[in-house]
Amino acid sequence: MKLLKSLLALLCCSAILHGQAKTDSVTERPVYKDAVYRPEYKKLIIPTVLIGYGVVSLTSDALKDLNRSTKYEIGEHQPRQIKLDNYTQYLPAALVYGYNLAGMKGKHSLRDRTVIYGTSQLIAAAIVLPLKHAVKEERPDGSNSLSFPSGHTTTAFSSAQFLFREYKDENIWLAISGYPFAVFTGVYRTLNDKHWVGDVVAGAGFGILSTELAYWLFPVINRMLAGKKAAHMALLHPLATPEALGAGVILHF
């Protein structure tokens, strides 16, 4: 039962985001590229709560007990480990481009949304990788001490939030379609014995935060890119987790 309660906590995060989607689709003001940006700090509430839970789980005896009991129950039931979480973390972002190819236009152009997504991944890497080495929390399987926060979950929720922000004004069902993949990724990081519950919850918070920061910074970054004199431009950005390294390329013609 404790395992079920732990996993339900992750599903509750998805439900909260679903509610946020409905609210934001009605109340958010449009942001124009050349307008003075005024960030809406209410968007920081959800990621702050999730990150706060993860941070507290590092020192709270009660939450540490929850982590250990979850690991014990996972071992007792011995679920079959699958590695789909290595791929589902990127699916919400892939859906953004897939929907676009299918003729369902999002909020930004191909170039602009790619700049935003690349920025969100840079921010995520800049937060998560140093934290892993600073906190040095041992993974449940004992493989290393880079457990907090979950990089896979960060990527998954940053991608899901990216999909949400691009399509929330067009089609709310398309907008929230990335969150099930994000929740799946987080749940399977625990089932695969790679992360504690607190690592996953914090990763979800950092992922949402990274994407929100990327949208907030986009008007500034867009002006910087627009100021380039070159007719063609390429931007290379890293995609990094402790398990894998990669890179993305943004081409501007």
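Note that the coordinates shown come from a computational prediction; the quantities given were computed from them, not determined experimentally.

Asks: Honestly, the overall build of the chain in this entry has me stumped. Any pointers?
Replies: Within the chain one finds 10 helices and two strands. In the chain, the succession of α and β elements from N to C terminus is α-α-α-α-α-α-α-α-α-α-β-β. Burial analysis of the chain (253 residues in total) assigns 50% to the buried set. Excluding contacts between residues fewer than 6 apart, the proportion of contacts in the chain whose partners are at least 24 apart in sequence is 74%. Accessible surface, the chain as shown: approximately 12400 Å² in total, 65% of it carbon and sulfur.

Asks: For this particular structure, what's the right way to read the nonpolar core?
Replies: Most often, soluble globular proteins have nonpolar side chains that are buried together. Residues Leu-50, Ile-116, Phe-157, Phe-162 and Tyr-167 are the most contacted members of the largest nonpolar core, which totals 35 residues. When residues of this core are traced back to their parent elements, those giving at least two are helix H2 (45-57), helix H5 (91-101), helix H6 (110-135), helix H7 (151-167), helix H8 (172-175), helix H9 (179-191) and helix H10 (197-226). With sequence-adjacent residues up to four places away left out, Tyr-167 is seen in contact with Val-96, Tyr-99, Asn-100, Met-104, Lys-105, Gly-106, Arg-113, Ile-172, Leu-174 and Ala-175. Ile-51, Phe-148, Phe-206 and Leu-209 belong to the second largest nonpolar core, which has five residues in total.

Asks: Would you take a moment to explain the packing of H5 against H6 for this structure?
Replies: Geometry of a packed helix pair, given as the angle between the helix axes and the separation of the axes. Interhelical geometry of H5 versus H6 gives an angle of 180 degrees and a closest axis separation of 12 Å. Judged by the inter-axis angle, H5 sits roughly antiparallel to H6. From H5, Ala-93, Val-96, Tyr-97 and Asn-100 reach across to H6, where they touch Leu-110, Arg-113, Thr-114 and Tyr-117. Partitioning the contact of H5 with H6 into residue classes produces five nonpolar, two polar and one charged.

Asks: Could you clarify how one ought to interpret H2 in this entry?
Replies: What sets the pattern is the α-helix's 3.6 residues per turn: residues three or four places apart point alike. Here H2 contains 13 residues, and its C-alpha end-to-end distance of 18 Å stays within 8% of the 18 Å for a straight helix at 1.5 Å per residue. Three or more residues of H2 are buried, namely Ile-46, Pro-47, Leu-50, Ile-51, Gly-54 and Ser-57. Down the axis, H2 shows its buried residues gathered within 125 degrees of arc, on one side only. Across from the buried face of H2, at angles greater than 90 degrees, the exposed residues are Ile-45, Thr-48 and Val-49.

Asks: Got a minute to help me understand the environment of Ala-124 in this structure?
Replies: Considering the arrangement of structural elements, one finds Ala-124 in helix H6. Each residue touching Ala-124, except ones within four places of it in the same chain, is listed here: Thr-154 and Ser-210.

Asks: When you look at unusual backbone geometry in this model, what are you seeing that I'm missing?
Replies: Leaving glycine out, the prevailing phi sign among residues is negative, and the prevailing peptide bond configuration is trans. Residue Pro-149 follows Phe-148 across a cis peptide bond; omega there is -10 degrees. Following the sequence through the fold, Pro-149 ends up in the loop between H6 and H7. With a phi close to 55 degrees, Lys-136 is a non-glycine residue in the positive phi region. As for its position among the elements, Lys-136 is in the loop between H6 and H7. Residue classification places Lys-136 among the exposed residues on the basis of a relative accessible area of 59%. Look at Asp-193: it is not a glycine, yet its phi comes out positive at around 65 degrees. By the secondary structure assignment, Asp-193 is in the loop between H9 and H10.

Asks: Looking at this structure, how should I read the pattern of salt bridges?
Replies: Two side chains with opposite charge may pair up if their charged atoms get near one another. Using the criterion set out here, one finds eight salt bridges in the structure. Among the salt bridges present, the one from Lys-71 reaches Asp-193, with a minimum N-O distance of 3.3 Å. Taken together, the residues Lys-71 in helix H3 (residues 61-77) and Asp-193 in the loop between H9 and H10 connect sequence positions 122 residues apart. Between Lys-194 and Asp-141 there is a salt bridge whose closest N-O contact spans 3.0 Å. Here Asp-141 lies in the loop between H6 and H7 and Lys-194 lies in the loop between H9 and H10, a separation of 53 residues in the sequence.

What counts and what doesn't
Residues numbered from 1 in each chain as written. Predicted model: local features only at pLDDT ≥ 70, side-chain atom pairs only at ≥ 80, totals over all residues. Heavy atoms only, no water. Helix = DSSP H or I, 4+ residues; strand = E, 2+ residues; numbered from the N terminus. Buried < 20%, exposed > 50% of the residue type's maximum accessible area, 1.4 Å probe, protein only. Contact = heavy atoms within 4.5 Å. Areas by Shrake-Rupley, 256 points an atom, 1.4 Å probe, with all protein chains shown as cover. Core = buried A, V, L, I, M, F, W, Y, C linked by side-chain atoms within 4.5 Å. Axes fitted to C-alpha atoms, helices over the stretch in contact; angles between N-to-C directions. Parallel < 35°, antiparallel > 145°, perpendicular 65-115°, else oblique. Nonpolar A, V, L, I, M, F, W, Y, C, P; charged D, E, K, R; others polar. Expected span 1.5 Å × (residues − 1). Arc of directions from axis to C-beta. Salt bridge = Lys/Arg side-chain N within 4 Å of Asp/Glu carboxyl O.

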